[in-house]
Amino acid sequence: MSHDPNCIFCKIVAGALPCTKLYEDAATLAFMDINPLNPGHALAIPKSHAKDVFAIEEEAIAATVKTARKVARAARAALSPAGVNLLQSSGPAAGQSVFHLHFHIIPRHTGDGLRFNWTPVPGDMAEIGRVAALIRAKIEA
Ligand code: AMP
Ligand code: ZN
């Protein structure tokens, strides 16, 4: 398991920083994004540090996609969005700001106007926690 002491997501994996957790297994972790684009915006990450799609091992990204799918299905069951985006950005030019590979799980609504590159806006943590509980309840084994 690779760990980068300067990486914010490695700190979350290690429990040194808090997160609103949705799901975890041996290889992956899913938690709420603190700057949600839409209610239910979540992240799925490998527990082992890898910078991006170019650095990550095949098995680790496969496990992360599996977790992202699980969260997307739970978000759909809990929130009934019109659609869901799974977004992975590799490299600053692609909009990556945290250099530990992650998939965004973003519930979508018709005409919500979201675009690929965005400016993060802090969410209301109480509201994020409330939505997380709805999604968590729909995670399938
Ligand atoms: P990206 O721009 O694709 O690298 O996405 C990084 C995402 O991580 C952004 O949507 C941030 O809002 C999110 N983020 C950064 N720090 C945290 C944190 N401590 N807990 C949850 N989400 C975070
Ligand atoms: Zn990391």
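Note: the structure precedes this text.
Nothing here was measured: the structure is a model prediction, and the numbers come from that model.

1. Observations regarding the nonpolar core
Judged by nonpolar contacts, the single largest core of 22 residues is most densely connected at Leu 22, Met 32, Ala 42, Val 71, Ile 105 and Ile 135. Breaking this core down by element, the ones donating at least two residues are strand 1 (21–24), strand 2 (28–32), strand 3 (42–46), helix 2 (58–79), strand 5 (103–108) and helix 3 (125–136). With 6 residues, helix 2 is the largest single contributor of residues to this core. Excluding anything up to four places from it in sequence, Val 71 contacts Leu 22, Ala 30, Ala 42, Ile 105, Ile 135 and Ile 139. Counting 9 residues, the second-largest nonpolar core is a separate cluster that includes Phe 9, Cys 10, Ile 45 and Val 98.

2. Section: the layout of surface pockets
Unoccupied space between atoms shows up once a probe the size of one water molecule is rolled over them. Within this model, the largest pocket holds a volume of roughly 590 Å³. For the largest pocket, the lining is made up of 29 residues, of which Asp 33, Asn 35, Leu 43, Ser 97 and Val 98 are closest to its centre. Mapped by element, the contributors of at least two residues to the lining of the largest pocket are helix 1 (8–14) and strand 2. The element that contributes the greatest number of residues to the lining of the largest pocket is helix 1, accounting for 3 residues. For the lining of the largest pocket, a count of residues per class yields 17 nonpolar, 11 polar and 1 charged.

3. Quick notes on the coordination of the zinc ion (ligand 2)
All of the protein donors around the zinc ion (ligand 2) are Cys 7 (SG), Cys 10 (SG), His 49 (ND1) and His 100 (ND1); their distances to the metal are 2.0 to 2.3 Å. Classification of the site at the zinc ion (ligand 2) as tetrahedral follows from its 4 donor atoms and the range of 105 to 116° in their angles at the metal. Using a relative accessible area of 18% as the deciding quantity, one classes His 49 as buried. The exposure class of His 100 is buried, given its relative accessible area of 0%.

4. Re the packing of aromatic side chains
The full count for this structure, using the stated rule, is 1 aromatic pair. With centroids separated by 5.4 Å and ring planes inclined at 85°, the aromatic side chains of Phe 9 and Phe 31 adopt a geometry described as edge-to-face. Taken together, the residues Phe 9 in helix 1 and Phe 31 in strand 2 connect sequence positions 22 residues apart.

5. Section: the packing of helix 2 against helix 3
Relative to each other, helix 2 and helix 3 sit at 105°, their axes nearing to 8 Å. Considering the angle they form, helix 2 stands roughly perpendicular to helix 3. Along the contact surface, helix 2 presents Val 71, Ala 74, Ala 75, Ala 78 and Leu 79, while helix 3 presents Val 131, Leu 134 and Ile 135. Looking at the contact of helix 2 with helix 3 residue by residue, the classes come out as 8 nonpolar, no polar and no charged.

Criteria and cut-off values
Residues numbered from 1 in each chain as written. Chains lettered and ligands numbered in written order. Predicted model: local features only at pLDDT ≥ 70, side-chain atom pairs only at ≥ 80, totals over all residues. Heavy atoms only, no water. Core = buried A, V, L, I, M, F, W, Y, C linked by side-chain atoms within 4.5 Å. Buried < 20%, exposed > 50% of the residue type's maximum accessible area, 1.4 Å probe, protein only. Helix = DSSP H or I, 4+ residues; strand = E, 2+ residues; numbered from the N terminus. Contact = heavy atoms within 4.5 Å. 1 Å grid on protein atoms, 1.4 Å probe; cavity = no way out; pocket = protein on both sides within 12 Å on 5 of 7 lines; lining within 4 Å. Points joined across faces, edges and corners; volume = space filled by probe spheres on them. Nonpolar A, V, L, I, M, F, W, Y, C, P; charged D, E, K, R; others polar. Donors = N, O, S within 2.8 Å, 3.2 Å for Na, K, Ca; no water. Tetrahedral: all angles 85-135°; square planar, octahedral: opposite > 155°, others 65-115°. Phe/Tyr/Trp six-rings, centres within 6.5 Å; stacked < 30°, edge-to-face > 60°. Axes fitted to C-alpha atoms, helices over the stretch in contact; angles between N-to-C directions. Parallel < 35°, antiparallel > 145°, perpendicular 65-115°, else oblique.

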